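A closer look at the structure
Take a look at the letters that make up each chain.
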Amino acid sequence: MVKGKFFMAAAERAKSDVALNLTLAVIASSSAPLLLLDGDLQVLAASASFCRAFEIKPDDVTGRQLVELGAGEWNVPQLQSLLKATASGVARIEAYEMDLNRVGHDGRRLLLNAQRLDYAGDDETRLILTVTDVTEARLEKKLKDELILKNANLLQELQHRVANSLQIIASILLQSARRVQSDETRSHLHAAHQRVMSVGALQRQLAISSEDDVHLRPYFKELCETIGASMIRDPNILKLETECDDSVVRADVSLSLGLVVTELVINALKHGFPDDRAGRIKVFYHSEGNDWRLSVADDGVGMPTHKDNARPGLGTSIIKALSAQLRASIIIEDAGPGTVISLVHTQAAKAPSLGPAA
Amino acid sequence: MDMHSRNIVLVAEAQGLVRGIAADVLNDHGYEVLEADCTEEVLSILAERGDDIRVLFADISLPGSMDGLTLAHTARRICPWIGLLITSGNARMSVAGLPEGSRFLAKVYDVADMASHVGALTTA
């Protein structure tokens with residue numbers, strides 16, 4: 001093998017060395033910019049891609065010190081000491097980032113990897129240094145991060161505004177309920193307050209999940225806790241429970257489902273349990289594939305039998321509108337005691353025109 | 001209600017309507033209420049009337065030179081007896097980082113809930 005000191009001067013002679021030729025050819029043709037260095041950081045070979053990327057004349061590379069390349073922009077003390085440490089085997093440069101500053105050029109962000117080559121039969125030290133220009137990638141990431149942060153800030157601002165608006169509406173409704181004389185009006189205002197609170201519960205759930213999908217179990221649980229806290233006078237007498245599988249739905253679907261639950265529970269509270277009657281209301285949700293069933297069951301006094309008492313209120317029209325939107329059928333069953341009202345969505349019966357089964 | 005009648009509650013909230021309604025509700029529950037719409041106003045009211053103020057009910061994103069968390073800690077330092085009820089439109093917030101004994105109520109809150117939290121803080 002040719003000795004290192006003679007390497008450059010002996011470049012012509014080295015042509016006879018097939019192995020060396022192959023090595024140099026491999027380096028020269030590498031599409032990734034790379035340098036072959038000796039232990040004193042003298043350049044033994046450079047890839048054409050390196051010369052192209054950093055505007056260095058290909059015939060003025062070999063035999064030069066790394067620090068002399070170009071106009072001296074590679075003279076970076078920290079890089080030198082890292083390469084020396086790599087050459088002596090005490091370190092390895094892995095993903096070292098540095099800025100290359102050339103006169104008349106914008107700074108480039110480089111990612112460097114260096115490795116000492118171990119091969120049998122020669123005690124000369126050889127280093128291979130690969131250089132990746134990551135300027136664009138870093139810039140892109142920075143812009144992306146900034147955009148994400150900006151969006152997150154906007155979203156949070158929007159959530160604050162929505163929360164404040166809902167807070168105003170909910171507070172006014174409840175304050176009004178405190179001041180009216182008529183029991184009927186008061187109960188309407190309480191129900192309206194509850195509807196706003198239900199939207200607020202969803203808003204919170206959405207903000208927490210940070211996704212566009214909503215997990216129904218915690219959402220229904222929180223929703224029913226809110227309804228219970230504001231509409232059930234004595235939770236020891238009247239219990240409101242949820243039983244929900246692990247279903248996850250889109251935000252708009254969850255809003256519809258949540259409003260249906262609100263209406264059905266308000267309905268059950270209003271009609272099922274007169275005169276502080278004890279009992280239990282249970283909200284079920286179960287899905288299988290694309291089919292799902294949402295039920296609100298109570299063990300109250302049951303459905304009104306006279307048509308006069310069954311006059312549809314605001315709740316009924318809301319439930320009908322929402323079930324049509326959810327492409328579900330409404331099924332009302334007499335549970336004796338009590339009532340079970342279900343919304344059922346099956347893939348086959350998706351046409352809302354089929355109408356309520358009851 | 002009467003047992004709280006000498007308790008002053010300081011409501012700190014930038015949104016006038018939200019603040020006004022909270023003040024109304026607390027008035028209805030028998031509290032005397034002072035209002036502030038920024039952190040500076042909270043601090044100046046605490047400096048003047050701090051001795052009479054039992055509870056600070058504040059939105060954590062109150063505008064001003066101080067952030068809400070620092071305000072809560074500062075209020076506790078000026079008035080060690082003060083009960084803190086913190087609200088926020090940011091649902092991810094919790095009592096973590098707030099002074100000891102603070103309560104947190106996410107917006108949209110039920111004003112009746114809010115009043116009972118204030119009640120619990122004044123009797124604590």
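Since this is a predicted model, take the numbers as computed values, not measurements.

1. Focus: the overall build of chain B
For chain B, the helix and strand inventory stands at four helices and five strands. Listed by position from the N terminus, the elements making up chain B come as β-α-β-α-β-α-β-β-α. Here chain B holds 124 residues, and 54% of them are scored as buried. Residue pairs at least 24 apart in sequence account for 64% of intrachain contacts in chain B once pairs closer than 6 positions are excluded.

2. What about the interface of chain A and chain B?
Contact residues are listed per partner, giving 24 residues for chain A and 22 residues for chain B. In total, about 2,000 Å² of surface goes out of reach between chain A and chain B, with carbon and sulfur atoms giving 59% of it. Taken as a group, Asn164, Gln167 and Arg204 of chain A account for 26% of the area that chain A buries against chain B, more than any other trio of residues on that side. Counting the contacts that link chain A with chain B gives two salt bridges.

3. Some remarks on unusual backbone geometry
Cis geometry marks the peptide bond from Gly336 of chain A to Pro337 of chain A; its omega dihedral reads 10°. Mapped onto the fold, Pro337 of chain A is located in the loop between β11 (329–334) and β12 (339–345). With omega at 10°, the peptide bond leading from Lys107 of chain B into Val108 of chain B counts as cis. With respect to the helices and strands, Val108 of chain B occurs in the loop between β5 (103–106) and α4 (111–123).

4. Points about the pattern of salt bridges
Pairing is possible between side chains of opposite charge, provided their charged atoms come close. Residues and elements named next belong to chain A. This structure, assessed with the given rule, holds 28 salt bridges over all chains. The partner of Arg204 in a salt bridge is Glu222, with the nearest N and O atoms 2.7 Å apart. Taken together, the positions of Arg204 in helix α5 (residues 183–209) and Glu222 in helix α6 (residues 216–231) put the pair 18 residues apart, joining distant regions of the chain. Among the salt bridges present, the one from Lys221 reaches Glu225, with a minimum N-O distance of 3.1 Å. On the criterion of helical spacing, the pair formed by Lys221 and Glu225 is a turn pair, its members being four residues apart in helix α6. Among the charged side chains, a salt-bridge network with shared partners connects Glu97, Asp99, Arg109 and Arg138.

5. Regarding the nonpolar core
Residue and element names in this part refer to chain A. Counting residues in each nonpolar core, the largest one holds 36 residues, and the members touching the most others are Phe220, Leu257, Val265, Tyr285, Leu294 and Leu343. Looking at this core, the elements with two or more residues in it are α5, α6, β7 (238–244), α7 (251–272), β9 (279–288), β10 (291–298), α8 (314–325) and β12. Excluding residues within four positions of it along the chain, Val265 makes contact with Ile227, Leu240, Ile281, Val283 and Val296. Listed in part, the 27 residues of the second largest apolar core include Ala46, Leu79, Tyr96 and Val131.

6. Regarding the packing of aromatic side chains
With the rule as written, the count across this model stands at seven aromatic pairs over all chains. Ring geometry for Phe50 of chain A and Phe54 of chain A: centres 5.2 Å apart, planes at 55°, overall tilted. In this pair, the class of Phe50 of chain A matches that of Phe54 of chain A, namely buried. Each ring, one from Phe57 of chain B and one from Tyr109 of chain B, has its centre 5.7 Å from the other, and the planes form 70°; the classification is edge-to-face. Of this pair, Phe57 of chain B sits in strand β3 (residues 53–59) while Tyr109 of chain B sits in the loop between β5 and α4, placing them 52 residues apart in sequence. We classify Phe57 of chain B as buried; its relative accessible area is 3%. The exposure class assigned to Tyr109 of chain B is buried, which follows from its relative accessible area of 3%. Linked through ring pairs, Tyr219, Phe220, Tyr285 and Trp292 of chain A together constitute an aromatic cluster.

7. A word on the confidence of the model for chain B
Residue and element names in this part refer to chain B. Overall, the prediction assigns chain B a mean pLDDT of 90, with 94% of residues at 70 or greater. The model gives residues 1–5 a pLDDT under 50, and that stretch makes nine contacts with residues more than four places away or in other chains. Model confidence for the complex is summarised by a pTM of 0.62, with the ipTM given as 0.83.

8. Focus: the packing of helix α2 (residues 39–49) of chain B against helix α3 (residues 68–78) of chain B
Residues and elements named next belong to chain B. It is the contact of α2 with α3, at a shortest axis distance of 11 Å, that shows an interaxial angle of 5°. By the angle class used here, α2 and α3 are roughly parallel. From α2, Thr39, Val42, Leu43 and Leu46 reach across to α3, where they touch Leu71, Thr74, Ala75 and Ile78. In the contact of α2 with α3, the residues fall into six nonpolar, two polar and no charged.

9. What about the environment of Arg108 of chain A?
Residues and elements named next belong to chain A. Residue position: Arg108 is located in strand β4 (residues 108–116). For the pair Arg108 and Phe54, spaced 54 residues apart in the sequence, the C-alpha separation amounts to 9.8 Å. Once you skip the residues sitting within four places of it in the chain, Arg108 turns out to touch Met98, Asp99, Leu100, Arg102, Asp133, Thr135 and Glu136. Among the polar contacts made by the side chain of Arg108, one reaches the side chain of Thr135 at a distance of 3.4 Å. Here the side chain of Arg108 touches Glu136 through a polar contact of 2.9 Å, side chain to side chain.

10. Regarding a nonpolar patch on the surface
Nonpolar side chains collect at one region of the surface, where Leu155, Leu158 and Val162 of chain A lie side by side and expose about 250 Å² of accessible area between them. Tracing the sequence through the fold places Val162 of chain A in helix α4 (residues 135–179).

11. Re the sheet that holds β3 of chain B
Residues and elements named next belong to chain B. The parallel open sheet is built from five strands, whose spatial order is β2-β1-β3-β4-β5. Each edge of the sheet is formed by a strand with only one pairing partner; in this case those strands are β2 (32–36) and β5. Direction aside, neighbouring strands of the sheet carry axes that sit 20° apart on average. Contacting β1 (8–12), β2 and β3, helix α1 (residues 16–28) crosses the sheet at an angle of about 170° to β2. Seen against the sheet, α2 touches β1, β2 and β3 and runs at an angle of roughly 140° to β2.

Thresholds, definitions, all that
- Within each chain, residues carry numbers counting from 1 in the order of the written sequence.
- Going through the entries in the order they are written, you letter the chains from A and number the ligands from 1.
- For a predicted model such as this one, the threshold for reporting local features is a pLDDT of at least 70, and the threshold for listing and counting side-chain atom pairs is 80 or more; totals across whole chains, interfaces and linings nevertheless cover every residue.
- No hydrogens and no water enter the side-chain calculation; it runs on all heavy atoms of the structure.
- Strands are runs of DSSP state E lasting at least 2 residues, helices are runs of H or I lasting at least 4, and numbering of each runs from the N terminus.
- Relative accessibility under 20% of the residue-type maximum defines a buried residue, over 50% an exposed one, and the middle range a partly exposed one, all with a 1.4 Å probe and only protein chains included.
- Pairs of residues are marked as contacts when any of their non-hydrogen atoms sit within 4.5 Å.
- For any pair of parts, buried area is found by adding up, for both, the accessible area (1.4 Å probe) each one loses once the two are put together.
- Between Lys or Arg on one side and Asp or Glu on the other, a salt bridge is scored when a side-chain nitrogen of the former is within 4 Å of a carboxyl oxygen of the latter.
- By nonpolar core we mean a set of buried residues, namely Ala, Val, Leu, Ile, Met, Phe, Trp, Tyr and Cys, connected to one another through side-chain atoms within 4.5 Å.
- Pairing of aromatic rings covers Phe, Tyr and Trp, the last through its six-membered ring, and needs centres within 6.5 Å; plane angles under 30 degrees mean stacked, over 60 mean edge-to-face, and all others mean tilted.
- The score called pLDDT rates the predictor's confidence residue by residue, from a low of 0 to a high of 100.
- Interaxial angles span 0 to 180 degrees and are taken between N-to-C directions of axes, which are lines fitted to C-alpha atoms, for helices over the stretch in contact.
- For this classification, under 35 degrees means roughly parallel, over 145 means roughly antiparallel, 65 to 115 means roughly perpendicular, and everything else is oblique.
- Here the term charged refers only to Asp, Glu, Lys and Arg, the term nonpolar to Ala, Val, Leu, Ile, Met, Phe, Trp, Tyr, Cys and Pro, and the term polar to all other amino acids, Gly among them.
- Side-chain atoms alone can form a polar contact between residues adjacent in sequence; in general such a contact is a pair of N or O atoms within 3.5 Å, and within protein one must be able to donate a hydrogen while the other accepts it.
- Residues form patches when they are more than 30% accessible in relative terms and have no salt bridge. Like charges link within 9 Å. Nonpolar side chains (Val, Leu, Ile, Met, Phe, Trp, Tyr) link within 5 Å.
- Only the protein chains shown count as covering a residue, and every accessible area follows the Shrake-Rupley method with a 1.4 Å probe.
- Strand pairing follows a simple DSSP-based rule, namely that at least 2 bridges must link the two strands.

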